[in-house]
Amino acid sequence: MSNYPKPDAATLLEIYRKAALIKQNDERVIKQMMAGKLVMPYYSPRGQEIIPSALSVSLTDDDYICTIYRGIHDMLAKGFPLDALWAELAGRVTGTCKGKGGPMHLTCPEKGMMVTTGIVGSSMPIATGLAWAAKLDGKNRVSVANFGDGAANIGAFHESMNMAAVWKLPVIFLCQNNLYAEHTSIAYSRVVEKISERAAGYGMPGVTVNGNDPDEMYGAAKVAIDRARAGEGPTLIEAMTFRFNGHLLGESGGYMDKDLYADAQTKDPMPILRARLIAEGIASEDELKAIETDIDARIDAALAAAMDAPFPDLAELKRDVFAEEIA
Amino acid sequence: MTEIKKMTIVEAINLALHDAMAADPTVLVLGEEVGDVQEGGVMGVTKGLSTKFGEDRVKSTPISEQAIIGAAIGAAVGGYKPVAEIMLMNFITVPMDMIVNHAAKLRFMSGGQTGVPMVIRTMTGSGFSTGGQHSDYLEAWFAHTAGIKVVAPSTPDDAYGLMRSAIDDPDPVLFIENLPSYWTPAPVTKQIIPIGKAKVAREGSDISIIAHSLMVTHSLAVAEKLAADGISVEVVDLRTIAPWDRETVLASVRKTGRAVIVHEAVKQFGIGAEIASVITEELWGTLKRPVQRVGAAYSAVPFSKPLEQAHAPTPDSIADAVKAALA
Ligand SMILES: Cc1ncc(C[n+]2csc(CCOP(=O)(O)OP(=O)(O)O)c2C)c(N)n1
C-alpha cells in the first residue's frame, strides 16, 4: 500500500466534502422516514462514506458507474443533483426518474450514473458492457461496478470478471465489503480470507484495502483508474468497511457480533477524517462547520422543493415502457 | 428493394446483420462463437461478420450468458446497438435477470433517461430429437414482461426485414428464429418490415388461423389442403408477438367469424390465451364458434420420435382444430 499515490490536502478536503454530504444526507433521510414523511425501503450507507468519496475525486462526469440499492453514497459522491434526488425519493415527478425509479433505481446519465439495481450481483455485467462501449468510444472513460460482499458469490460476478479480463475492458469491480449480506456474516459464505483473492482466477489485479481510510482507498482507486484509462484492463478492489444501520433501515441487527459492532463504532471513519483534517491543518473547525452548515442548507432546500412538487401524472404508467408511448 | 434473390433464413439474417453493420457503425454483434475464428457458430449465422467488421464489433464471448446480456445492456445504455446471440432459447433461462429486470425495465425505471436498444437473437424449435432442454418456445414469458418486444419471423424475407427493424428499434427486442425453418430458401426482397404489424399470409373467408414462426408454414399447408375440400382458410402471420397486431387479427376474424390460434409453445398459459380472450371480448356476437387454440402438450419436449411428433402441433392437428371450429 505504501507505493500508492496519496491524496494531497485539497483532495482530502474534497473527499471530506463528499463524505459529509453523504452522512448528513443519510441522517436527514432517516429523520424524514422516522417522522413518517418518506415511505420507502432504505439501505443506509452510513459507515461506507469514504469509499465512493475517495474514488470519485479521480472520476469525471464522463466516467460510468453502476450501483446497487445501497448506493446513494456512490451517487452523491459522483455528483447526483440533490434536488432531483430528494424528489425521486419522495416519488415526485421532478425526480430524476419522474418518481418511477425510487431509491433502488436512481439514474442520472449526464453525470455518468447509468444503472442502480435492486438485484444482487447485477451491477457487474452491465458495468462490463458500459466499459465495452467506453473502449469502443475511445474516450478513455472508466466504468465502475459497485457491489457488496454478498454479491461476490453470484455467478454474474465471475462471468463478468472473466469476460472483462479477456476483453481487457476499462472496468473497476469495487466490492464494498461491509462484512454482512443482509443477515449473513461473510463467515458463512466464503472460505478464502479475501474476496480480492478471486481476481487471481481471472488474471487481473485484486487488492483489499481499508475502505474507511481515505489514503488507501484513494490510492487503490487511482491506480485502478489509471490502469483502466491506460487500456490495461480491469481491477478488483475489495474495500473493507462496516455498515452502522443494519441492512434495511428498521431492522435490529441482532445477527451482528456485538464486539465487532462496538469496535467498528470506535473506527467510524467520519469523525476520524474530520479530526485529521484539523490536526493536519488542512481545515479549521470553523471551515468544516461552514461546509456542514452549507450542506444542511442545500438538503433543506432540496427537501422542501421535493415535498412541494407534484406526484407524477397517472399517464406516466404508460410512458417509458417503450420509447413510443403505448396505446 | 427490387433485388429478389432466393435465400435461407440463415442467409437472410446474416445479410440483415451485415447490412445493418455496414449502415451504422454503432451496431455490434456478440455471443458464443459468433466470430470467424469459431466459424460464425454451429449454424454459421454470423459467418463473415468479424472478418468484415473487425473483432472489436463482433465479439465472441466465453460461455457466460449473464455476462453476454449484461454486456449488451451496458453497451446499449452506453450508446451502441448490440445484437446478442443466445445460442438456443432454453439457455435464455440463464440470463433471465438481465433480460426481465434490466433490459426490459431500465427505460421505465429511469423515467425515460436511459433506453436499451438491443436485440437478443435466439433459435429454437422441436424436431431434432434434442429432448427437453434444447427446443422450447418460451415467448409467452417475454410477451408477459412489459418493456421488451418479441418478434418471430416465418420466412427469410420477414427475417431480413424484421431484423433490420429490430436493430433500429430504440427498445430491446427478442428475435426468435425457428431452427426447422432455417434452411428452406425463399425470395428475399430486402424490404424493412415494421415491428408490431401482422401479415395476412393467405386470404380466406371461412375461418382465420393466427400463427407465428413454423406454425405459419404448417397453417398454410393446412389451408392449401382444405381448399380442395372447399374450405377457405385465412392465415394471419403475427410476425410480432409483443406488441401483437390486434387490428389485423380482429379484422380477419370479423370477416370469417371463426378463429384458431396456433403456437408451438405449450398451450396452457400460452399467447393463444391472450389472443383468444381479446378476440372474444371484442367480437362477441360476431363469433360463430368459440375460439380454438392449438399448442404443444403440457410436457417437456420428449426425445422419442413418436412422442416428439405428437407433442407439438402438426398440420394434421391444426386441420382437426379447424374442422372442429367449422362443425
Ligand atoms: C438476486 C438477489 N437475491 C437476493 C436478494 C435479497 N437481498 C437483498 S440485499 C441482500 C444482501 C446483499 O449483500 P451484499 O451484496 O453484501 O451488499 P450490502 O447490502 O451488504 O451492501 C440480499 C440477499 C436480492 N435483492 N437479489
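Residues numbered from 1 in each chain as written. Chains lettered and ligands numbered in written order. Predicted model: local features only at pLDDT ≥ 70, side-chain atom pairs only at ≥ 80, totals over all residues. Heavy atoms only, no water.

Asker: I would appreciate a short explanation of the side chain of Ser165(B) in the present structure.
Answerer: Its place among the elements puts Ser165(B) in helix α7 (residues 156-168). Setting aside its immediate chain neighbours within four residues, Ser165(B) contacts Ile192(B), Ile193(B), Pro194(B) and Ile195(B). (Helix = DSSP H or I, 4+ residues; strand = E, 2+ residues; numbered from the N terminus. Contact = heavy atoms within 4.5 Å.)

Asker: In this structure, what is going on with the nonpolar core? I would like to understand it.
Answerer: Grouped together as the largest cluster of nonpolar side chains are 85 residues, with contacts concentrated most on Phe173(A), Ile69(B), Ile73(B), Ile92(B), Phe142(B) and Ile279(B). Per-element tally for this core: the top contributor is helix α3 (residues 65-77) of chain B, with 9 residues. Look past the residues within four positions of Ile69(B) in its chain and what remains in contact with it is Ala84(B), Ile86(B), Pro95(B), Met98(B), Ile99(B), Met118(B) and Ile120(B). Listed in part, the 62 residues of the second largest apolar core include Val142(A), Tyr218(A), Ala228(A) and Leu277(A). (Core = buried A, V, L, I, M, F, W, Y, C linked by side-chain atoms within 4.5 Å. Buried < 20%, exposed > 50% of the residue type's maximum accessible area, 1.4 Å probe, protein only.)

Asker: Help me understand the environment of Gly127(B), please; the structure alone is not making it clear to me.
Answerer: Residues and elements named next belong to chain B. Along the polypeptide, Gly-127 turns up in the loop between β5 (119-124) and α6 (139-143). As for Gly-127 and Phe-303, which are separated by 176 residues in sequence, their C-alpha atoms are 9.2 Å apart. When near neighbours in sequence (up to four residues on either side) are disregarded, Gly-127 contacts Lys-305 and Glu-308.

Asker: Explain the sheet that holds strand β14 (residues 292-296) of chain B to me, please; I cannot follow it from the model alone.
Answerer: All names here are of chain B. Within the open sheet, the 5 strands sit side by side as β9-β11-β10-β13-β14. Their pairing is mixed. The open sheet has two edge strands with one neighbour each: β9 (199-202) and β14. Averaged over all adjacent pairs, the angle separating strand axes in this sheet is 25 degrees, with direction ignored. Bridging between strand β13 (residues 259-266) and β14 involves 4 bridges; their strand directions are parallel. Counterpart to Val-260 in the pairing with β14 is Gln-292. Of the strands in this sheet, β9, β10 (207-211), β11 (233-237) and β13 touch helix α8 (residues 214-228), which is tilted by about 170 degrees from β11. (Pairing = 2+ DSSP bridges. Axes fitted to C-alpha atoms, helices over the stretch in contact; angles between N-to-C directions.)

Asker: When you look at the sheet that holds strand β3 (residues 143-148) of chain A in this model, what are you seeing that I'm missing?
Answerer: Each strand in a sheet pairs with another by means of backbone hydrogen bonds, the pair being arranged parallel or else antiparallel. Residues and elements named next belong to chain A. Taken together, the 6 strands give an open sheet; going across it, the order is β2-β1-β3-β4-β8-β7, and neighbouring strands pair in parallel fashion. In the strand order of this sheet, the two ends are held by β2 (113-117) and β7 (206-210), each with one partner. Within the sheet, the average angular offset between the axes of one strand and its neighbour, ignoring direction, is 20 degrees. As judged from the 6 bridges shared by β3 and strand β4 (residues 171-177), these two strands associate in the parallel manner. When the bridges of β4 are listed, Phe-147 appears paired with Cys-175. Relative to β3, helix α5 (residues 123-137) is tilted by about 170 degrees, and along the sheet it contacts β1 (64-68), β2, β3 and β4.

Asker: It is not clear to me how the interface of chain A and chain B should be interpreted in this structure. Could you clarify?
Answerer: Accessible area lost during the coming together of the parts is what is often quoted as the interface size. Chain A puts 38 residues into the contact, and the matching count from chain B is 39 residues. Between chain A and chain B lies a buried interface of about 3200 Å² when both sides are counted; carbon and sulfur atoms form 69% of it. Contact with chain B buries area across many residues of chain A, yet Trp132(A), Glu159(A) and Phe322(A) alone supply 21% of it, more than any other trio. Linking chain A with chain B are 0 salt bridges, by the criterion used here. Run the count over chain A and chain B and you get 13 residue pairs in polar contact (both at pLDDT 80 or more). When residues of the side of chain A that touches chain B are traced back to their parent elements, those giving at least two are β2, α5 and α6 (155-166) of chain A. The element contributing the most residues to the side of chain A that touches chain B is α5(A), with 8 residues. Of the residues that constitute the side of chain A that touches chain B, the class distribution is 20 nonpolar, 10 polar and 8 charged. (Buried area = accessible area lost by both parts, 1.4 Å probe. Salt bridge = Lys/Arg side-chain N within 4 Å of Asp/Glu carboxyl O. Polar contact = N/O pair within 3.5 Å; in protein donor to acceptor, adjacent residues only side chain to side chain. Nonpolar A, V, L, I, M, F, W, Y, C, P; charged D, E, K, R; others polar.)

Asker: Please clarify how the packing of helix α1 (residues 9-34) of chain A against helix α10 (residues 285-308) of chain A should be interpreted in this entry.
Answerer: All names here are of chain A. Axis separation between α1 and α10 bottoms out at 10 Å; the angle between their running directions is 45 degrees. In terms of orientation, α1 lies oblique with respect to α10. Here α1 runs over α10; the crossing is right-handed. Of α10, the residues touching α1 (which contributes Leu-13, Tyr-16, Arg-17, Ala-20, Leu-21, Gln-24, Asn-25, Arg-28 and Gln-32) are Leu-288, Ile-291, Glu-292, Ile-295, Asp-296, Arg-298, Ile-299, Asp-300, Leu-303 and Met-307. Of the residues contributing to the contact of α1 with α10, the split by class is 10 nonpolar, 3 polar and 6 charged. (Parallel < 35°, antiparallel > 145°, perpendicular 65-115°, else oblique. Left-handed = near helix turned anticlockwise from the far one by under 90°.)

Asker: I tried to follow the packing of aromatic side chains on my own but got confused; where do I start?
Answerer: Remark: the centre distance and the inter-plane angle together describe each pair of aromatic rings, the angle taken between the planes. Following the criterion strictly, the structure yields 9 aromatic pairs over all chains and no others. Where Phe244(A) meets Tyr261(A), the ring centres are 6.4 Å apart and the plane angle is 85 degrees; that geometry is what we call edge-to-face. Highlighted residues: Phe244(A) in the loop between β8 (235-240) and α8 (258-266) and Tyr261(A) in helix α8, separated in sequence by 17 residues. Given the relative accessible area of 7%, Phe244(A) is considered buried. Taking relative accessible area as the criterion, Tyr261(A) reaches 27% and is therefore assigned partly exposed. Ring pairing ties together the aromatic residues Phe242(A), Phe244(A) and Tyr261(A), which thus form one cluster. The ring centre of Trp167(A) lies 4.7 Å from the NZ or CZ of Lys59(B), which sits over that ring. (Phe/Tyr/Trp six-rings, centres within 6.5 Å; stacked < 30°, edge-to-face > 60°. Lys NZ or Arg CZ within 6 Å of the ring centre and 35° of its normal.)

Asker: I would appreciate a short explanation of the side chain of Ser135(B) in the present structure.
Answerer: Considering the arrangement of structural elements, one finds Ser135(B) in the loop between β5 and α6. A polar atom in the side chain of Ser135(B) sits 3.2 Å from the backbone oxygen of Gly131(B).

Asker: Even after reading the chapter, I still don't get the environment of Arg276(A), so can you show me in this structure?
Answerer: All names here are of chain A. By the element assignment, Arg-276 lies in helix α9 (residues 269-279). The class for Arg-276 is partly exposed, based on a relative accessible area of 21%. With 264 residues separating them in the primary sequence, Arg-276 and Leu-12 have C-alpha atoms 9.9 Å apart. In this structure Arg-276 touches Leu-12, Pro-214 and Asp-215, once residues within four positions along its chain are discounted.

Asker: Can you help me understand the site of the ligand in this one?
Answerer: All names here are of chain A. Every one of the 15 residues lining the ligand counts as a neighbour, but Tyr-69, Arg-70, Gly-150, Tyr-180 and Glu-182 are closest to it. Within the side chain of Asn-178, one N or O atom sits 2.9 Å away from an oxygen atom of the ligand. Taken by itself the ligand offers 590 Å² of open surface, and the protein chains cover 73% of this. (Near = heavy atom within 4 Å. Areas by Shrake-Rupley, 256 points an atom, 1.4 Å probe, with all protein chains shown as cover.)

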